[in-house]
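The residues making up each chain are set out below.
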Amino acid sequence: MSDNQISHSGVIDSIENGVVHVRIVQSSACSSCKVASYCSSAEHKEKIIDVRCANTQKYAVGQEVTVMAAPSVGTKAVVLAFAIPTVILLAAIAISLGYGASEGVAAVTGVAAMVPYYFILYLNRKKLERILTFYIA
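An account of the accompanying structure is given in this report. This structure is a prediction, so every number in the text was calculated from the model and none was measured.

### Considerations on the pattern of salt bridges
Oppositely charged side chains can form a pair if their charged atoms are brought close together.
(1) Moving on: In this structure the tally under the stated criterion is three salt bridges.
(2) Moving on: The shortest N-O distance in the salt bridge between Asp 13 and Arg 23 comes to 3.0 Å. Remark: Arg 23 occurs in strand E2 (residues 19-27) and Asp 13 occurs in strand E1 (residues 6-16); sequence separation between them is 10 residues.
(3) Moving on: Residue Asp 13 is classed as partly exposed on the basis of its relative accessible area of 34%.
(4) Moving on: Using a relative accessible area of 31% as the deciding quantity, one classes Arg 23 as partly exposed.
(5) Moving on: For Glu 129, the salt bridge goes to Arg 52, with nearest N and O atoms at 2.9 Å. Taken together, the residues Glu 129 in helix H3 (residues 125-131) and Arg 52 in strand E3 (residues 44-52) connect sequence positions 77 residues apart.
(6) Moving on: When its relative accessible area of 37% is taken as the criterion, Glu 129 is described as partly exposed.
(7) Moving on: Connected through salt bridges with shared partners, the residues Asp 13, Arg 23 and Glu 46 form a single ionic network.

### Some points on the side chain of Ser 96
(1) Moving on: Inspection of the secondary structure puts Ser 96 in helix H1 (residues 71-98).
(2) Moving on: Taking relative accessible area as the criterion, Ser 96 reaches 10% and is therefore assigned buried.
(3) Moving on: Here Ser 96 is in contact with Ala 101, Ala 106 and Thr 109, once residues within four sequence places are set aside.

### Focus: the packing of aromatic side chains
(1) Moving on: Here the structure, examined in full by the defined rule, presents one aromatic pair.
(2) Moving on: Between Tyr 117 and Tyr 118, the aromatic rings sit 5.3 Å apart at their centres with planes inclined by 70°, giving edge-to-face as the arrangement.
(3) Moving on: With a relative accessible area of 11%, Tyr 117 lands in the buried category.
(4) Moving on: Residue class for Tyr 118 comes out partly exposed when judged on its relative accessible area of 39%.

### A word on the nonpolar core
(1) Moving on: Residues Ile 12, Val 20, Val 22, Ile 24, Ile 49, Val 51, Cys 53, Tyr 59, Val 65, Val 67 and Ile 136 constitute the largest nonpolar core, which totals 11 residues.
(2) Moving on: Secondary structure elements with two or more residues in this core: E2, E3 and strand E4 (64-69).
(3) Moving on: Looking at which element gives the most residues to this core, the answer is E2, with three residues.
(4) Moving on: Discounting chain neighbours no more than four positions away, the residues touching Cys 53 are Gly 18, Val 20, Tyr 59 and Ile 136.

### Describing H1
(1) Moving on: The first and last C-alpha atoms of H1 sit 38 Å apart over 28 residues, in line with the 40 Å expected at 1.5 Å per residue.
(2) Moving on: A bend of about 40° at Val 79 is the largest found in H1.
(3) Moving on: Looking at H1, one finds that the buried residues are Val 73, Gly 74, Pro 85, Ala 92 and Ser 96.
(4) Moving on: Buried positions along H1 lie against E1, E4, helix H2 (103-123) and H3.

### Some remarks on the layout of surface pockets
(1) Moving on: Computed from the structure, the largest pocket encloses a volume of approximately 870 Å³.
(2) Moving on: Within the residue set of the lining of the largest pocket, elements represented by two or more residues are E1, E2, E3, H1 and H3.
(3) Moving on: For the lining of the largest pocket, the leading source of residues is H1, giving seven residues.

Reading the values: the criteria
Residues numbered from 1 in each chain as written. Predicted model: local features only at pLDDT ≥ 70, side-chain atom pairs only at ≥ 80, totals over all residues. Heavy atoms only, no water. Salt bridge = Lys/Arg side-chain N within 4 Å of Asp/Glu carboxyl O. Helix = DSSP H or I, 4+ residues; strand = E, 2+ residues; numbered from the N terminus. Buried < 20%, exposed > 50% of the residue type's maximum accessible area, 1.4 Å probe, protein only. Contact = heavy atoms within 4.5 Å. Phe/Tyr/Trp six-rings, centres within 6.5 Å; stacked < 30°, edge-to-face > 60°. Core = buried A, V, L, I, M, F, W, Y, C linked by side-chain atoms within 4.5 Å. Expected span 1.5 Å × (residues − 1). Bend = angle between axes of the 7 residues up to and from the residue. 1 Å grid on protein atoms, 1.4 Å probe; cavity = no way out; pocket = protein on both sides within 12 Å on 5 of 7 lines; lining within 4 Å. Points joined across faces, edges and corners; volume = space filled by probe spheres on them.

Everything listed is a geometric property; what it means functionally is a separate question.
Following this line, the structure appears as structure tokens:
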């Protein structure tokens, strides 16, 4: 295991069709603070990570595992989920304003420009599943 790997501890929630569903608790840095229960900035979320496995027989529901991914997976996910949509949104707004549209129309145009992008991501979800992969350590 490399130091720069992305890792989360979790518990196996279910196993089906070669996929292990692992429940992880995603916490902000301050959620472990002693006064976190009194602070509104402490954040704590549960998520399910789907891990494709060839040998699911060696895992059991309730088993504690560590889910890992290469740093490049995180980078690709951030680019696809945040960087590209931000560029599309800002470009659409800038182009709309450049053509003399009002700010409201430009904002709606920017949001509308996101629809094709997310539709393309949806159509390519199987390919993205193969690219953005996790494994159990």
